[in-house]
Each structure stands twice: as structure tokens, then as C-alpha cells.
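One-letter residues, chain by chain:
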Amino acid sequence: MKEKIQPMVFASMLVYLSCYFLQLFKFPDILMLGIGACFCLWLVIKQKKIRISLGLILLAATMFPFCMIQFGATAIFARMIYIILLMWVLAEYLGADLKTEKNGEIKLIYVIYSMILGHLIYGILNSYMYFIGTGIPGTRYWFDIWSQELTPGTQLTMYFISVFAVFFPAIVCFKNRKWVNIIIIIGSCFLIYASLATRTRTTLLVLALVCIVQFVLFLILEKEKVLSYTSSKKLWIIVAVGIVGMILGFILVKDTQIIREFIDNLGKGGGIISNVRFIEQRKALRQLFDYPMGGRQMELEFLYCHNVWLDMANASGLIPFAAFTGFTLYSGYNLVRFVLKTDIQTETKLIMVGMYVAFFLYYTVEPALDASVHFITPWILVKGLIHGYTSKEG
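Anyway, here's the lowdown on the structure attached to this text. Going along each chain's sequence as written, the residues are numbered from 1 onward. Since the coordinates come from a predicted model, pLDDT governs what is reported: local features require at least 70, and pairs of side-chain atoms require 80 or more to be given and counted, while whole-chain, interface and lining totals use all residues. With hydrogens and water excluded, all non-hydrogen atoms of the structure serve as input to the side-chain values.

## Comments concerning the overall build of the chain
Part 1 of the reasoning: The way it works is that DSSP assigns letters per residue, a run of H or I at least four long becomes a helix, a run of E at least two long becomes a strand, and they are numbered from the N terminus. A count of helices and strands for the chain gives 19 helices and two strands.
Part 2 of the reasoning: Here the chain holds 394 residues, and the buried ones make up 51% of them.
Part 3 of the reasoning: Taking as baseline every contact in the chain between residues at least 6 positions apart, the subset at least 24 positions apart corresponds to 71%.
Part 4 of the reasoning: All accessible areas in this document rest on Shrake-Rupley with a 1.4 Å probe, and a residue is counted as covered only by the protein chains that are shown. Working note: accessible area of the chain is about 19000 Å², and carbon and sulfur atoms make up 70% of it. Any residue under 20% of the maximum accessible area for its type is buried, any over 50% is exposed, and the rest in between are partly exposed; the area is computed with a 1.4 Å probe on protein chains only. In what follows, a contact means two residues having at least one pair of non-hydrogen atoms within 4.5 Å.

## A closer look at empty space enclosed by the protein
Part 1 of the reasoning: Method remark: on a 1 Å grid restricted to protein atoms, a set of points is classed as a cavity if a 1.4 Å probe fits but cannot get out and as a pocket if it is open with protein on both sides within 12 Å along at least five of seven lines; lining residues have an atom within 4 Å of a point. Grid points are joined across faces, edges and corners, and a volume is the space filled by probe spheres set on the points. According to the stated counting rule, one finds one cavity of 30 Å³ or more in the structure shown.
Part 2 of the reasoning: As a volume, the largest cavity reaches approximately 40 Å³.
Part 3 of the reasoning: Taken together, Trp88, Ser331, Asn334, Tyr356, Lys383, Ile386 and His387 make up the full set of residues lining the largest cavity.
Part 4 of the reasoning: Secondary structure elements with two or more residues in the lining of the largest cavity: α16 (318-340) and α19 (377-390).
Part 5 of the reasoning: Ranked by residues supplied to the lining of the largest cavity, first place goes to α19 with three residues.

## Considering the environment of glutamine 287
Part 1 of the reasoning: With respect to the helices and strands, glutamine 287 occurs in the loop between α14 (276-286) and α15 (308-316).
Part 2 of the reasoning: The class of glutamine 287 is buried, set by a relative accessible area of 11%.
Part 3 of the reasoning: Each C-alpha atom of the pair glutamine 287 and glutamine 297 lies 9.5 Å from the other, and the pair is ten residues apart in sequence.
Part 4 of the reasoning: Not counting residues up to four positions away in its chain, the partners in contact with glutamine 287 are Met298, Glu299 and Leu300.

## Quick look at the side chain of threonine 390
Part 1 of the reasoning: Looking at the element boundaries, threonine 390 is found in helix α19.
Part 2 of the reasoning: Pairing of N or O atoms within 3.5 Å defines a polar contact, subject to two protein rules: one partner must be a possible hydrogen donor and the other a possible acceptor, and residues neighboring in sequence count only if both atoms are side-chain atoms. Side-chain polar atoms of threonine 390 contact the backbone oxygen of isoleucine 386, separated by 2.7 Å.
Part 3 of the reasoning: For threonine 390, the residues in contact, after removing those within four places along its chain, are Lys99, Asn334, Arg337, Phe338 and Lys341.

## Concerning the packing of aromatic side chains
Part 1 of the reasoning: What counts as a ring pair is set by centres within 6.5 Å for rings of Phe, Tyr and Trp (its six-membered ring), and what kind of pair is set by the plane angle: stacked under 30 degrees, edge-to-face over 60, tilted for all other angles. In total, this model carries 24 aromatic pairs according to the counting rule given.
Part 2 of the reasoning: Seen in terms of ring centroids, tyrosine 20 and phenylalanine 21 are 4.9 Å apart; in terms of plane orientation they differ by 70°. Their pairing is edge-to-face.
Part 3 of the reasoning: Its relative accessible area of 1% is what places tyrosine 20 among the buried residues.
Part 4 of the reasoning: A connected cluster of aromatic rings, assembled from ring pairs, spans Trp88, Trp309, Phe324, Phe327, Tyr356, Phe359, Phe360, Tyr362, Tyr363 and Trp379.
Part 5 of the reasoning: Definition used: whenever NZ (Lys) or CZ (Arg) falls within 6 Å of the ring centre and also within 35 degrees of the ring normal, the charge is taken to sit over that ring. In this arrangement the basic side chain of lysine 107 is found over the ring face of phenylalanine 10, its NZ or CZ atom lying 5.3 Å from the centre.

## Looking at the environment of proline 367
Part 1 of the reasoning: Relative to the assigned elements, proline 367 resides in the loop between α17 (346-363) and α18 (368-371).
Part 2 of the reasoning: Judged by relative accessible area, proline 367 falls into the buried class, the value being 12%.
Part 3 of the reasoning: Residues proline 367 and valine 308, 59 residues apart in the sequence, show an inter-C-alpha distance of 5.2 Å.
Part 4 of the reasoning: Apart from the residues lying within four places of it in its own chain, the contact partners of proline 367 are Tyr304, His306, Asn307 and Asp311.

## Overview of a nonpolar patch on the surface
Part 1 of the reasoning: The patches reported here contain residues having more than 30% relative accessible area and no salt bridge. Joining distances are 9 Å for like charges and 5 Å for nonpolar side chains (Val, Leu, Ile, Met, Phe, Trp, Tyr). What counts as a salt bridge is simple: a side-chain nitrogen of Lys or Arg found within 4 Å of a carboxyl oxygen of Asp or Glu. Judged by side-chain polarity, Leu205, Leu209, Ile212, Phe215, Val216, Leu219 and Ile220 come together as a nonpolar surface patch covering roughly 590 Å² of accessible area.
Part 2 of the reasoning: Mapped onto the fold, leucine 205 is located in helix α10 (residues 201-221).

## Let's talk about the nonpolar core
Part 1 of the reasoning: Residues belong to one nonpolar core when they are buried, are Ala, Val, Leu, Ile, Met, Phe, Trp, Tyr or Cys, and are joined through side-chain atoms within 4.5 Å. Core analysis: the largest hydrophobic core is formed by 113 residues, its most contacted members being Met355, Tyr363 and Leu385.
Part 2 of the reasoning: The dominant element in this core, judged by the number of residues it contributes, is helix α4 (residues 79-99), at 13 residues.
Part 3 of the reasoning: Leaving out residues up to four positions away in the same chain, leucine 385 has contacts with Ala91, Glu92, Leu94, Gly95, Leu108, Val111, Ile112 and Met352.

## Brief notes about the packing of helix α3 (residues 54-71) against α4
Part 1 of the reasoning: To get an axis, a line is fitted to the C-alpha atoms, and for a helix only the part in contact is used. The angle between two axes follows their N-to-C directions and goes from 0 to 180 degrees. Contact geometry of α3 with α4 gives a least axis separation of 10 Å together with a crossing angle of 170°. In terms of axis orientation, α3 runs roughly antiparallel to α4. Where α3 abuts α4, its residues Gly55, Leu56, Leu59, Ala60, Met63, Phe64, Phe66 and Cys67 lie against Met80, Ile81, Tyr82, Ile84, Leu85, Trp88 and Val89.
Part 2 of the reasoning: In the scheme used here, Gly and all other residues not listed as nonpolar or charged are polar, with Ala, Val, Leu, Ile, Met, Phe, Trp, Tyr, Cys and Pro taken as nonpolar and Asp, Glu, Lys and Arg as charged. Residue composition of the contact of α3 with α4, grouped by class: 14 nonpolar, one polar and no charged. Here the angle decides the label: under 35 degrees means roughly parallel, over 145 means roughly antiparallel, 65 to 115 means roughly perpendicular, and every other value means oblique.

## Remarks on the environment of tyrosine 82
Part 1 of the reasoning: Turning to its location among the elements, tyrosine 82 is positioned in helix α4.
Part 2 of the reasoning: A residue is classified by how much of its surface remains accessible, and tyrosine 82, at 32% relative accessible area, is partly exposed.
Part 3 of the reasoning: The spatial distance from the C-alpha of tyrosine 82 to the C-alpha of phenylalanine 64 is 9.6 Å, given a sequence separation of 18 residues.
Part 4 of the reasoning: Residues in contact with tyrosine 82, not counting those within four places in the same chain, are Leu33, Phe64, Ile76 and Phe77.

Below you can see the structure in the form of C-alpha cells.
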């Protein structure tokens with residue numbers, strides 16, 4: 001009986017996570033918390049262990065002051081606090097549970113894919129809303145598929161990030177899950193086109209940087225395999241054809257309206273290197289200790305620094321800023337431990353590093369936590385899974 005129930009519960013968790021990250025019909029927060037709490041209770045009973053990890057403590061030390069300093073004592077009942085903490089607890093228990101199972105690593109990838117599936121569908125639906133002209137002409141604002149609220153393009157395209165994070169592994173590890181990787185590659189190509197059409201620089205920059213990081217990691221982890229490939233004439237022919245194809249493709253599309261408008265947008269706001277966001281972030285760093293209790297008193301040109309950590313310091317002060325910085329460093333340490341483990345496949349390492357780096361990069365240039373709690377939970381899920389999977393006890 002137990003052998004039948006456990007696969008059903010795991011499958012239900014995957015459906016739950018997909019529905020949450022899809023934000024299916026504005027999946028209610030109370031319902032999300034209730035169902036998630038039931039899954040957490042199941043895992044606690046199964047493992048017969050209460051986990052009070054440093055990650056959970058740092059996350060709680062971040063969220064409670066962040067909300068209470070901004071909104072007062074009543075913020076202790078704010079749902080955003082418990083959504084984030086629940087996602088960490090669920091992910092940590094789930095990661096620790098999968099570590100002890102025979103096919104745990106494959107299931108770990110399935111958990112990540114459940115999130116990607118939700119984001120891919122949501123991203124496609126929001127792109128559809130843009131292409132049918134629901135936004136304000138001449139702007140990068142259009143309506144969200146579920147809420148029907150007018151939303152900036154940088155927020156609606158946030159759902160592209162997780163798909164882009166597994167684009168490189170889908171190519172280099174294509175044979176492992178062919179149909180899944182075909183969907184990821186096709187989905188990524190569509191979302192790249194949608195990013196160009198909506199003139200969204202952030203997502204494409206994240207895609208490029210994540211692919212570079214994963215490429216370097218792949219060279220390090222699979223040095224012998226890469227060296228054996230370099231002696232293959234067939235590989236060099238494929239690479240040459242690919243480079244020529246990309247050059248010809250660029251020549252064919254460079255004068256199209258979409259490419260012209262995207263290139264024109266690259267220089268706005270100071271471009272990429274001298275972007276106004278980085279100027280605001282430097283201003284915030286200089287004023288970091290001037291307002292230890294926050295209150296959005298920093299002298300900035302814009303309301304936000306476009307950086308989760310600095311926006312947190314500006315809004316709520318040094319306590320949540322320090323706690324979240326500590327949480328980031330701690331989770332980065334766990335990621336390194338995850339990569340160094342010899343019993344984990346290269347594909348899994350590429351996926352988890354890609355997910356971690358992709359959202360980290362997004363949070364350095366966007367006020368994600370101020371925009372929506374659902375923008376921060378993907379990173380919390382990834383961190384919790386890594387922490388649970390690398391824990392000394394299963």
C-alpha cells in the first residue's frame with residue numbers, strides 16, 4: 001500500500017507546483033498555502049524529523065522584519081511571508097527525501113521541470129496577450145493573461161527565465177530525455193522571439209550569461225569527453241555549419257522591424273553597461289548605512305534600485321538586508337557543495353546551477369520582491385532543493 005501511495009503523492013506535488021508556477025486562474029494564496037502545508041506534513045511524518053535549518057532561520061529573519069518594518073505589526077499575518085517560508089520547507093524536505101530514493105536524482109529534475117512547465121505555459125500565454133495587441137501601443141506594457149492587469153514587460157517575461165536556464169543542458173544532454181528537451185528547445189526559441197518582439201533585454205542577457213556559465217562548467221566537469229569531441233571531424237563540420245547558419249540568419253533578419261526596434265532599445269537608459277539601474281544601485285550602496293531602518297528615504301532618481309537586496313535595504317533597512325545577504329551566501333555555499341558531489345550527474349548540475357544563476361542575475365536588475373512574491377519563490381524552491389539534497393542526513 002505504501003509503495004502505491006508515495007508515487008501518487010509525488011505526482012500530486014508535481015501537479016501542485018506546476019499549477020502554482022502557472023498561477024492558474026490566479027491560484028489563491030490561501031489554497032496554495034493549505035495544499036502545500038499538507039504536503040509538508042506528509043514529508044515530516046514520512047521522515048520523522050523536524051528540520052530547523054540555517055536557511056530557514058535566515059529566510060525567516062529576512063521576511064518578518066522586511067514586512068513588519070514596512071507595514072507594521074499586523075504584517076506578521078502577511079501571506080507573502082508564509083508563501084516564501086512554505087516553499088523553502090517543502091523544497092528542503094523534498095530534496096532530503098529524494099536524496100534517499102533510488103531514482104531520486106531523476107525525480108529532482110522532474111520537480112524542476114514541473115516549475116518550468118508552469119512558467120513555459122504562462123510565458124507563452126502572456127506572449128500571446130502581447131501579440132494580439134492587448135497593451136498600450138508604443139509601450140512595453142500589456143495585460144496579464146490571468147489578472148488582466150496592465151503589467152511591465154520585464155515582469156511578464158520573468159517567466160521566461162526558468163526555461164532559458166535549461167536551454168543549454170537540453171542541447172548538450174539531448175539524448176537523456178529527447179521529447180522533453182525538444183519541448184524546451186522549441187519553447188526557448190519562441191520565448192527568444194517574444195523577448196526580441198517585446199524589446200526585453202534582461203531575459204536575453206540572462207540567457208547569454210547562463211549559457212556561458214554552463215558551458216564553462218560543462219568543460220570543467222566533462223573535460224575528457226570534450227577533448228575526445230575536439231578530435232571529431234564531424235563535430236567541427238557541425239560547428240562550422242552552425243556558425244555560417246547563424247551569420248546568414250542574422251544577415252537575413254537584421255533589417256526586420258523587430259530586430260531594428262530591439263537594437264534601438266539596447267541603447268536606452270544608458271545601454272547595458274552604463275544602465276541607469278547600475279547608477280541607482282551605486283547611489284544606494286553609498287547610502288546603505290545612512291538609513292538603517294529603511295523607509296525608502298534614500299535619495300534616488302527612481303522609486304526602486306532594481307536590485308532585490310538593495311531595494312530591501314531601502315524599504316526595510318539593514319536587518320532584512322543582512323539576513324537575505326547571509327541567506328544568499330549560505331545557499332551559494334550549498335550550490336558549490338552540490339556541484340562538487342561526485343555521485344550527481346553533469347546534467348543535473350548544469351540544470352541546478354543554471355536555475356540558481358538565472359534567477360540571481362534577474363534579481364540583480366529587477367525589484368522582484370516588490371513586484372510580486374511569486375517572482376521570488378522559484379529561487380527559493382531551487383535553493384531549498386539543493387539544501388535538502390546536500391544535507392548530511394536524508
